[in-house]
Amino acid sequence: MILRIKFNKKNYLRYISHLDLMRLFQRSFNKANIPIKYSEGFNPHPKFSIGAPLSLGIESNEEYMDIDLEYMAVDEFIERMNGVLPKDIQIISGKYLEREESLNSIIAWGEYEIQFQMNTKRDMEEVNEIVNNWLQKEEITITKVRKKKGQKIEKAINIKPFIKHIIVKGVGDNITINALLRTGSNGNLNPVDLMFALNRDNGLSIDLDEVRIKRIGLYAEKGDQIYKPL
Amino acid sequence: MINTKILDKILNKVEKPARYIGMEQNSIKKDLDKVKVKFAFSFPDVYDVGMSHLGLHIIYNLINNEEDFACERVFAPWLDMEEEMRKEKLPLFTLESKEEVKNFDFLGFTLQYEMSYTNILNILDLANIPLLSKDRKDEDPFVIAGGPCAYNPEPIADFIDFFVIGEGEEVILEILNLYKDHKEAKGSRDEFLEKVATIDGVYVPKFYDVVYNDDNTIKEMIPLHPNVPKVIKKRMIRDLDSMFSPEKMIVPFIETVHDRVVLEIFRGCTHGCRFCQAGMIYRPIREKSIDRLVELAEKLIESTGYENISLSSLSSCDYSQLYLLISELMKKFEEKKVGVSLPSLRLDTFIIDVLKEIEKVRKTGLTFAPEAGSQRLRDVINKGVTEEDLINTVTKVFKEGWSTIKLYFMIGLPTETDEDVLGIKELSYKVKDIFFSLPKEERQGNLKVTASASCFVPKPFTPFQWVGQDSIDEFYRKARLLKDSIKDKKVTFNYHDPKLSYLEAVIARGDRRVSKLILRAWEKGCKYDGWSEHFKYDKWIEAMEELDIDGDFYALRTRELDEILPWDFIDPLVSKNYLIREYKKSLEEQTTRDCREGCRGCGIVDCIMRGEYK
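Residues numbered from 1 in each chain as written. Chains lettered and ligands numbered in written order. Predicted model: local features only at pLDDT ≥ 70, side-chain atom pairs only at ≥ 80, totals over all residues. Heavy atoms only, no water.

Novice: Before we go on, may I ask you to explain the sheet that holds strand β6 (residues 202-203) of chain B in this structure?
Specialist: Strands in a sheet are paired, the pairing made by backbone hydrogen bonds, and the direction either parallel or antiparallel. All names here are of chain B. Reading across the sheet, the 6 strands line up as β2-β1-β3-β4-β5-β6 and stay open at both edges, with mixed pairing between neighbours. At either end of the open sheet lies a strand with only one pairing partner, and these are β2 (69-75) and β6. Here 7 bridges tie strand β1 (residues 37-43) to β2, and the two strands are oriented parallel to one another. Bridging across to β2, A40 finds its partner in E72. Packing against the sheet, helix α3 (residues 54-64) makes contact with β1 and β2, and its axis sits at approximately 150° to β2. (Pairing = 2+ DSSP bridges. Helix = DSSP H or I, 4+ residues; strand = E, 2+ residues; numbered from the N terminus. Contact = heavy atoms within 4.5 Å. Axes fitted to C-alpha atoms, helices over the stretch in contact; angles between N-to-C directions.)

Novice: Mind showing me how you'd approach the domain arrangement of chain A here?
Specialist: Where interface size is quoted, it is often the accessible area lost as the parts come together. All names here are of chain A. Each domain of chain A was delimited in the assignment, giving domain 1 (2-100) and domain 2 (108-227). Summarising the inter-unit geometry, the C-alpha centres of domain 1 and domain 2 are found 28 Å apart. Across the boundary between the two partners, domain 1 contributes 16 residues, which contact 11 residues of domain 2. With both sides pooled, the region where domain 1 packs onto domain 2 buries about 1100 Å², and carbon together with sulfur makes up 45% of that total. Our enumeration of links across domain 1 and domain 2 arrives at 2 salt bridges. R212 serves as the salt-bridge partner of E59, at 3.0 Å between the closest nitrogen and oxygen. Where domain 1 meets domain 2, there are 8 residue pairs in polar contact (both at pLDDT 80 or more). Taken together, the residues of the side of domain 1 that touches domain 2 sort by class into 5 nonpolar, 6 polar and 5 charged. (Domains from an automatic or database assignment. Buried area = accessible area lost by both parts, 1.4 Å probe. Salt bridge = Lys/Arg side-chain N within 4 Å of Asp/Glu carboxyl O. Polar contact = N/O pair within 3.5 Å; in protein donor to acceptor, adjacent residues only side chain to side chain. Nonpolar A, V, L, I, M, F, W, Y, C, P; charged D, E, K, R; others polar.)

Novice: For this particular structure, what's the right way to read the packing of helix α1 (residues 4-11) of chain B against helix α4 (residues 79-88) of chain B?
Specialist: Two quantities define a packed helix pair, namely the angle between the helix axes and the distance between the axes. All names here are of chain B. The contact between α1 and α4 brings their axes to 10 Å, and the two run at 140°. As the angle between them shows, α1 and α4 are arranged oblique. The interaxial crossing formed by α1 with α4 has right-handed handedness. Contact with α1, carried on its side by I6, L7, K9, I10 and L11, involves M81, E84, M85 and E88 of α4 and no other residues of that element. (Parallel < 35°, antiparallel > 145°, perpendicular 65-115°, else oblique. Left-handed = near helix turned anticlockwise from the far one by under 90°.)

Novice: Teacher, can you tell me more about the packing of aromatic side chains here?
Specialist: The geometry of an aromatic ring pair is captured by the separation of the ring centres together with the interplanar angle, meaning the angle of the planes. Per the counting criterion, the structure on display carries 31 aromatic pairs over all chains. Centre to centre, the rings of F106 of chain B and Y179 of chain B are 4.9 Å apart; their planes meet at 70°, and the pair counts as edge-to-face. You can see F106 of chain B sitting in strand β3 (residues 106-110) and its partner Y179 of chain B sitting in helix α6 (residues 168-184), a full 73 residues away along the chain. Exposure remark for F106 of chain B: the relative accessible area of 0% places this residue in the buried category. With relative accessibility at 9%, the residue Y179 of chain B sits in the buried group. Put simply, the rings of F39, F106, F142, F162, Y179 and F192 of chain B pair up and form one aromatic cluster. The ring centre of Y38 of chain A lies 4.9 Å from the NZ or CZ of K337 of chain B, which sits over that ring. Note that K432 of chain B overlies the ring of Y429 of chain B, its terminal NZ or CZ placed 4.9 Å from the centroid. (Phe/Tyr/Trp six-rings, centres within 6.5 Å; stacked < 30°, edge-to-face > 60°. Buried < 20%, exposed > 50% of the residue type's maximum accessible area, 1.4 Å probe, protein only. Lys NZ or Arg CZ within 6 Å of the ring centre and 35° of its normal.)

Novice: Hey, could you run me through unusual backbone geometry in this one?
Specialist: Backbone phi values are negative for most residues with the exception of glycine, while trans is the configuration of most peptide bonds. Residue and element names in this part refer to chain B. Residue P284 follows R283 across a cis peptide bond; omega there is -5°. Mapped onto the elements of the fold, P284 is located in the loop between α8 (277-281) and β12 (286-287). In this model, N382 sits at a positive phi of 60°, which is unusual for a non-glycine residue. N382 sits in the buried class, given a relative accessible area of 3%.

Structural data, given as C-alpha cells:
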C-alpha cells in the first residue's frame, strides 16, 4: 500500500541535500523497523519517493513523500519514525492513497516565504509598487547554464509564466514576501532565481547570500483546480 | 558560541554546507557550562575523510560517556569555507555547540598521516591559538596529539604541548581526570604539564632538549626535568573484550568515505612485513571474541540504521575464527538485508569460502596486495605470499564470477632491481592469462586488472627505518619503465606522486628541526598536502632552501645502525635488536614466519600471544 506523508525540514537541516535526505529516510526506516517494500532485481532498494526535491539551503513546512509498505497504522508509523528522525525533520501527517498517482506527476506549484533586506528602507506601498511594476513586464528572462558533454550551454528562459503571484507580507527589519511559483517536473522556478531577477531588474542591492527562503506549501494541479496533495 | 548569523550567511556560499552543521544522528551535545572538562577532537582533514576514522568514534563516545566531560568535533574546513571564515573573521568552532575551539580545555589531534601536519597549523591559526607551544598562555587549550604518526613526535614537537603514545582508551581518561582536579585546584599551565608528564605514555617535548653532532645527526636527548622519564613506553590495552567499544557511531548526513558500520575485530598483526609500521607498533595481536562482536554489531546496526558492516583490522582474514564470525553475522542480519564486507584481503585460498558466504547478500570488489613483483623482493620485505598463492586464489575468484581485480605494489623497496620492477608487469599479466585460460563458460564479465604502485617510504619502528629512500628521479624512472612496458588494454597501471612520497619520508623520519620546515611551508600557503590537487611541492622546496634544511638528509640518507634516531626514546614494546635482526635478514633475503607459528622474539615482554596459538 502507498502511504503519503507530509513532513518538514527546518533550521540547519536545510543544508541537507535531496540525496542525503533520501539516505536519511532509508536508514530511519531501518531503525524504526518499518515494513517497507523493496524493488526486485540485483540491487534491491526500498520503494519511496519525495515529490519536488527542495534546493539546498531552503527550509520547508511541508514536503511530501510516498512510501510503499505493508500496512501499518498511520499513527504508529508517525510515532515510530519521529522517534528516530532528527527533531528538525519530523512527519506531520499521513494517509494511505485510495488510488495511486505519483507525487511528481501532480505537484505543480510551490509557495515560498522569502525574507531579505534592501539597500534603503522602504514602506509597504513602495515595495508593493516595485513588485507590481516588475510583474507588469512582458517578459522576465534569466540565463541558465547547463553543462552538456563538457560544454557550457547558456539558455535564456522567460520566467514570468512561472510566477503565479507575489504578495508583500511585511516590511520590518526584513522584507517578507510570499511567492507562488511553478514547481515540479512540468516547469520549475527556483526562488533563488526569482530573487536574482527581482534584484537585477530593480537595482535593489539585495545580498543574495542573506536571503532566507522557506517553502510553506506545495500544491497539485488538475485542470483549473489547485489543491494540496494530502 | 560563535556568531551564528555570520555562519548562516557563509553556509549559503560553500560547497557541502552539511560538513559544518553537526546535528548528525548519535552526535552528542552537552551543556558546556555544566561539564568540568571540554575536549575538542580534531581529525586534521576535511569532514568527509575524518568522519570515516574509527578512532574518532571510539574517543568521542568514550569521553562523552563520562558525565563530567564533553567531547566535540572539529575538522579542517574545506578551502572555500576557510576563505569565507577568514573574510568574515569567524573563528574555528566545534560542530556540536558551535563554540570557539579556543574556549576548550583541550584540542586533541589524531595523527594518521604526515601530510596532514600543515592542516594542524591551519586549524590552530583559524582557532586563534598560538601555533607554537611556547607562546601559549594559561587561557589557551592544551594542544595534544596521538595516533600512529605520534610514534615519531619530533617533527611537530614545537606545536604540540604533549603527545600520547599508543592506544588511547585508558590514558585519555587518566589525563582528563588529572586535569579536572588540576582545574579545580586552579593550577598553572606548567604545573599541569609537569604532572601529566608522569602518566605512562605521555611525552611533553618542552621537558627535553636535543643536542646534535657536527654532521647533524643526534648526539643526545636530555630530560630537563627530574620527574620525566627518559624513555616513553607506549600504552597498550590487554583485553579488547572488556575495553570500551562504542555501541553508537555518528551517522553523517553527507556521504563519507566509509558509509557503514565499522566493526573492529582485532588489533595487531603477526605477519611481520618489514615495511609496515602498523604491523610493528600495534603488536601484539589481540582479538575480540565472537560473542562480543555479534553483540556490538547488533547494537551498532540498531543505533545507526546502516545496511553494511565492515570488519576492520590490519588484516581481517587473520581473525582466528573468521568463518564462524561471518556465518554468525550473516545469520543474524540476513533478514534485515545487512551486508558484511572485508576491506583487507590476503592472498589466501581459504578466503574463497568466506567470500562465497558474503556474496549471499552483496558482491564486493577484490583487492590484493602482493606489494612486490618478484619472489626475491617479496622475501626481502617478508611479505609471506608466493606466486602460487596468488595464482590459486585468483583462479578460484575468477571461477566464482569476479572479473575486476586490483593489485597493490610498492616501488623503491630496498635492494630492488629493474627486474623486480618489471616483475609487477609479469604478475599482472599472469593474472590476465589465468582469466583467459579458463574455459569460456567458467568466466564471467569483462576482465579488468589494475596495478597500482606507491613509492616506498621508510618509516620509524620498522626494520627498514635505516634505509635511504629512492630519489624522486629514480622513482620516475622506475615508474616509466613499468608504464612503457605494460601495453595491454586489460591491464591498467598507475603510480603515486614520488614528490609527495619524498616529503612524506622527510617528515616521517624528521627530527625537531623539521618543525620549522612545516611552519614555513604552511606560511607559504601549504595545506591539504595529502590532496594531490593542493600539494605544492615547489613551496616545500623553497621553504627548505630558505631555512637551509636538507631534505635528502632525512629522506635519502641510509643511517648507520648505531646512529641515535629521533624516535629512539619511544618504546613501542618491539625491541630495537629485533628490528636490526630483521633488517639484516632482509638483506640476506631471509624470511621470518608468522609469529603465531612460534615466537620470533620481537621483544615484547609478557606477550599475550605466546603459547596461545600453536
